[in-house]
Amino acid sequence: MNLLGALSLVLALAGLGVGLPALDRALPADRPVPTDRPYAIGGGVTVVPPPGSRIDVTGTRPTDDAGTALFRLGPVRYLITVRRFEGDLATAANGLRQRITGTPGYQVTGTELTVATGSGLAGLQGGYTAPGRGGRYAVFVAGGRTIEVTVSGADLDLGRTLPAIDASTRTLRYDPADTG
Amino acid sequence: MTAESRLRSDRTAPVQPGADPGAGLIRLPAFWIVLALVAAGGVRMALVAGRFLGTYPLATLTAIGLFALLAVPFWFVLRELDFLEREPPALLALACAWGGLVATTVSIPGSAALDDLVAKLGSPHLAADWGAALAGPTVEEIAKTLGVVAIVLVARAQVNSVLDGVVYGAMVGLGFQIIEDIVYALGAVALAGRGDHIEPVITTFLLRGFLSGVWSHTLFGALAGAGIGYLVVRADRPWRIRLGVAMLAVFGAWASHFLWNSPLLRDGLGNGALALLAVLVCKGLPPLLLVLLLVRAAHDREADYYAVQLAKLDDHELITPAELEALKSGSRRATARWHARTRAGLRARAAVRRLQRAQARLAVELSRGTTDLGPWQREARRQRRILAALGHPEAVAPDGKGPWRRTASAVFTTALAIAVLWAAISTLGGG
């Protein structure tokens, strides 16, 4: 009886720690997303998704105040994060770089370039490498928020999709009227 | 037993005294399985801690230090609650380890998966608004409640009242709360992207330690633990009633956690420190009051039971009727110690504490049917002689105006706590 009770305990724990993640993995995470109109990321920020992309609902959490949106173009991840921030663009870029290089094996490459969106948001953009994959990051500051863009995937896939992603990034727009 | 005590005894579950677990524990398969689970959780959390320690050594050590300090007042409150029939420290440590190592290890992937499932089966908007309220409580409350079940499997005889369930549940919750807070604090350090800085740790400490520390996992765990305690000790009730009460208690813990994590009232009371304080009180106070009432009832029942055991002795050198009354209540025990200090100094205070401990132990051994009560009787008589020599022969709590200083002290402490809370809210930008 004691053994049975203990084994039931293990089974219940396994259900929570292994079963739930397995069930989560068994269900598809991506959904179609319209690529001809702006998508609300949260915190008053919108972006037009790249053609052929799908939204990953596990990495997408829109709220009035902040939000994240994760798009997938095949094996390439295109993540946009909006959150409250008090500081300038250089500080925001430095914070993002530190978080990227804080992951073991990740290194920032080359120099940062200035970028701008079609709506006039000014930002900084750079690249990074990781074991078996590469990436691109960009950061913007608007309305007391940072808009962080990270793109990651295998070099070959990145080369193929980056033009569409760059075009999408240029559609980033911040509208204070949409904030909570 | 008085009419009042009979009444309050009728309201709650009985006490079923059990023997010390002793070495027989290691013959139970559950003991080794639970130990293996704790060890596996320990390895997992050590790996997490090691990774943080390598990247943010100062922030990690600060977080561990601050949140470990936060555990101290909780520990003292639980030990005072547990005064009459002390739980073995090893089992309390096991409960705490379950919460901090096993429940957290399971909850991190489990909650994330359930949050994702809310997004998949509902929508990202639903997950953003209600994911934390649905996923966290569902996985975490089950994982923590299993910790109390583990204690029952390992040492059934030690869970012999609803209060024991409360104590073990709260210990599981405390372990979970401390480790979760440390992980949150270090997550905030990583998110800040400014390297090994301690500001995010301090902010998390103020936010999770002060603002939400009281109505957090320790409280939820206590509620669920009470249900398991009832399930175990109320053998006189039909199985379905006991199971129903246990499930209701776990649901109560889940609902309290759900309310706390929910977006309800997030913007409803406006901005500023006062509004934030009002939201905290609205969300946190109902479960806090519920648990306090429950604990009071369970404590009274246990106190009544042991008082009856001691009254059988009819030996005023061991315990007088007035001391019996004082022993039954945590506040009267503390007042008796305070009274001894004011009348006869610190030595008398220490002697009263030791006398109360000896009397409580005597009650437990009487209830277990122990034949040799000599060691505890000798200790009680020894402390009685010390008190007599100090001119304060009886460990009583004075009636009337005696405890006014303690009342004033409680009011002052509450005011200080509110001031600290206010300062914390203002520091975090609420004011």
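Residue indices begin from 1 for each chain and proceed along its sequence in written order. As a convention, the first chain written is A and the first ligand written is 1, with the rest following in written order. Whole-chain, interface and lining totals are the exception, using all residues; otherwise, since this is a predicted model, local features are given only for residues with pLDDT of at least 70 and side-chain atom pairs are given and counted only at 80 or more.

Caption draft 1: Seen up close, the overall build of chain B. Numbering of helices and strands runs from the N terminus; a helix is a DSSP stretch of H or I covering at least four residues, while a strand is a stretch of E covering at least two. A tally of helices and strands in chain B yields 15 helices and zero strands. Residue burial in chain B is summarised as follows: out of 431 residues, 45% are buried. A sequence separation of at least 24 residues applies to 80% of the contacts in chain B between residues at least 6 apart. Our exposure labels follow a C-beta count within 10 Å of each residue's own C-beta, placed from the backbone: buried means 20 or more other C-beta atoms, exposed means 12 or fewer, and partly exposed covers the counts in between. Whether two residues are in contact is decided by their C-beta atoms, placed from the backbone, lying within 7 Å.

Caption draft 2: Structural detail: the UniProt feature "transmembrane region" (unreviewed entry) in chain B. Residue and element names in this part refer to chain B. UniProt positions are given in the numbering used here, feature names are shortened, and annotations may be inferred rather than shown by experiment. Feature annotation in UniProt places "transmembrane region" (unreviewed entry) on residues 30-50, 56-78, 90-114, 214-233, 240-260, 272-295 and 410-429, given in this structure's numbering. Counted over residues 56-78, helix gives 96% and strand 0%. Its end C-alpha atoms are 33 Å apart. Structurally, residues 90-114 is divided into 100% helix and 0% strand, and its ends, taken at the C-alpha atoms, are 33 Å apart.

Caption draft 3: Focus on the interface of chain B and chain A. Counting residues at the interface gives 33 residues for chain B, matched by 27 residues for chain A. For the side of chain B that touches chain A, the secondary structure elements donating two or more residues are helix 2 (29-55), helix 4 (89-121), helix 5 (124-154) and helix 6 (162-192) of chain B. With 11 residues, the top contributor of residues to the side of chain B that touches chain A is helix 5 of chain B. The nonpolar class holds Ala, Val, Leu, Ile, Met, Phe, Trp, Tyr, Cys and Pro. Asp, Glu, Lys and Arg form the charged class, and all remaining residues, Gly among them, are polar. Counted by class, the side of chain B that touches chain A contains 24 nonpolar, six polar and three charged residues.

Caption draft 4: Region of interest: unusual backbone geometry. A positive phi angle is found at D314 of chain B, which is not glycine, with a value near 50 degrees. Locating D314 of chain B in the fold gives a position in the loop between helix 10 (273-311) and helix 11 (321-327).

Caption draft 5: The sheet that holds strand 3 (residues 45-47) of chain A, seen in detail. Residue and element names in this part refer to chain A. Being paired, for any two strands, means DSSP has found at least two bridges between them. The strand order across the open sheet built from three strands is 2-3-12, with neighbouring strands paired in antiparallel fashion. Looking at which strands have only one partner, the edges of the open sheet turn out to be strand 2 (39-42) and strand 12 (173-174). With two bridges joining them, strand 3 and strand 12 adopt antiparallel strand pairing. By the bridge assignment for strand 12, T46 is matched with R173.

Caption draft 6: Layout of the domain arrangement of chain A. When cut into domains, chain A gives domain 1 (1-29) and domain 2 (33-178). An automatic or database domain assignment is the source of the domain bounds shown. Taking only C-alpha atoms, the centre of domain 1 of chain A and the centre of domain 2 of chain A are 36 Å apart.

Caption draft 7: Spotlight on the environment of K120 of chain B. Inspection of the secondary structure puts K120 of chain B in helix 4. Between the C-alpha atoms of K120 of chain B and G252 of chain B, which are 132 residues apart in sequence, the distance is 27 Å. The contacts of K120 of chain B, once residues within four sequence positions are left out, are L27, A29 and V57 of chain A.

Caption draft 8: Expanded view of the packing of helix 6 of chain B against helix 8 (residues 217-233) of chain B. All names here are of chain B. Helix axes use the C-alpha atoms of the stretch in contact, all axes being lines fitted to C-alpha atoms, and the angles between their N-to-C directions lie in the range 0 to 180 degrees. At their nearest, the axes of helix 6 and helix 8 sit 6 Å apart, and the two run at 145 degrees to each other. Pair helix 6 / helix 8 crosses with right-handed handedness. Across from V162, D164, G165, V166, Y168, G169, A170, V172, G173, L174, F176 and Q177 in helix 6, the residues of helix 8 making contact are H217, T218, F220, G221, A222, A224, G225, A226, I228, G229, Y230 and V233. When its residues are assigned to classes, the contact of helix 6 with helix 8 shows 14 nonpolar, nine polar and one charged. Take the far helix as your reference; a near helix turned counterclockwise from it by less than a right angle gives a left-handed crossing, and one turned clockwise gives a right-handed crossing.

Caption draft 9: Representation of helix 2 of chain B within the structure. Taking 1.5 Å per residue, 27 residues should reach 39 Å; helix 2 of chain B reaches 40 Å between its end C-alpha atoms and fits that length. Along helix 2 of chain B, the positions that sit buried rather than exposed are A30, F31, I33, V34, L37, V38, G41, M45 and F52 of chain B. Along its buried surface, helix 2 of chain B packs onto helix 1 (2-26) of chain A together with helix 3 (57-81), helix 4, helix 5 and helix 6 of chain B. What a helix should span is 1.5 Å times the count of its residues minus one.

Caption draft 10: Focus on the nonpolar core. All names here are of chain B. Counting residues in hydrophobic clusters, the biggest one holds 129 residues, and the most contacted among them are V34, A95, W98, I151 and M171. When neighbours within four sequence positions are excluded, M171 is seen to be in contact with L78, L92, A95, C96 and G99. L327, A340, A351 and L387 belong to the second-largest nonpolar core, a separate cluster that totals 27 residues. Note on terminology: a nonpolar core is a set of buried residues of type Ala, Val, Leu, Ile, Met, Phe, Trp, Tyr or Cys, with members joined through C-beta atoms within 7 Å.

Caption draft 11: Main features of the pairing of strand 7 (residues 76-84) of chain A. Residues and elements named next belong to chain A. Summarising the sheet, strand 6 (residues 67-73) and strand 7 pair through seven bridges and their orientation is antiparallel. Paired with A69 across the two strands is I80, which belongs to strand 7. The antiparallel pairing of strand 6 with strand 7 creates a hairpin that spans two residues between the two strands, and G74 there sits at a positive phi of about 60 degrees. Looking at chain direction, strand 7 and strand 11 (residues 145-153) are connected through eight bridges and run antiparallel. Within strand 11, the residue paired with R83 across the bridge is T146.

Caption draft 12: Main features of the domain arrangement of chain B. Under the domain assignment, chain B is made up of domain 1 (14-307), domain 2 (315-399) and domain 3 (406-431). Each of domain 1 of chain B and domain 3 of chain B was reduced to a C-alpha centroid, and the two centroids are 24 Å apart.

Caption draft 13: Focus on the environment of G5 of chain A. Inspection of the secondary structure puts G5 of chain A in helix 1. Those residues in contact with G5 of chain A, other than ones at most four positions away along the chain, are A30 and L153 of chain B.

Caption draft 14: Expanded view of the pairing of strand 9 (residues 122-130) of chain A. Residue and element names in this part refer to chain A. Pairing of strand 8 (residues 107-116) with strand 9 involves seven bridges; the strand directions are antiparallel. For Q107, the partnering residue across the bridge sits in strand 9 and is T129. Connecting strand 9 to the antiparallel partner strand 10 (residues 133-142) that follows it, the hairpin turn spans two residues, and G132 within it adopts a positive phi of roughly 80 degrees.

Caption draft 15: Spatial organisation of the packing of helix 4 of chain B against helix 6 of chain B. Residues and elements named next belong to chain B. As a packed pair, helix 4 and helix 6 sit with axes 7 Å apart at the nearest point and diverge in direction by 45 degrees. Compared by their axis directions, helix 4 and helix 6 come out oblique. In the crossing of helix 4 with helix 6, the sense of the turn from one axis to the other is right-handed. Residues L92, A95, C96, A97, W98, G99, G100, A103 and T104 of helix 4 touch helix 6, and the partners they reach there are Y168, M171, V172, G173, L174, G175, F176, I178, I179 and E180. Grouping the amino acids of the contact of helix 4 with helix 6 by side-chain chemistry returns 13 nonpolar, five polar and one charged. In this scheme, roughly parallel covers angles under 35 degrees and roughly antiparallel covers those over 145, while 65 to 115 is roughly perpendicular and the rest are oblique.

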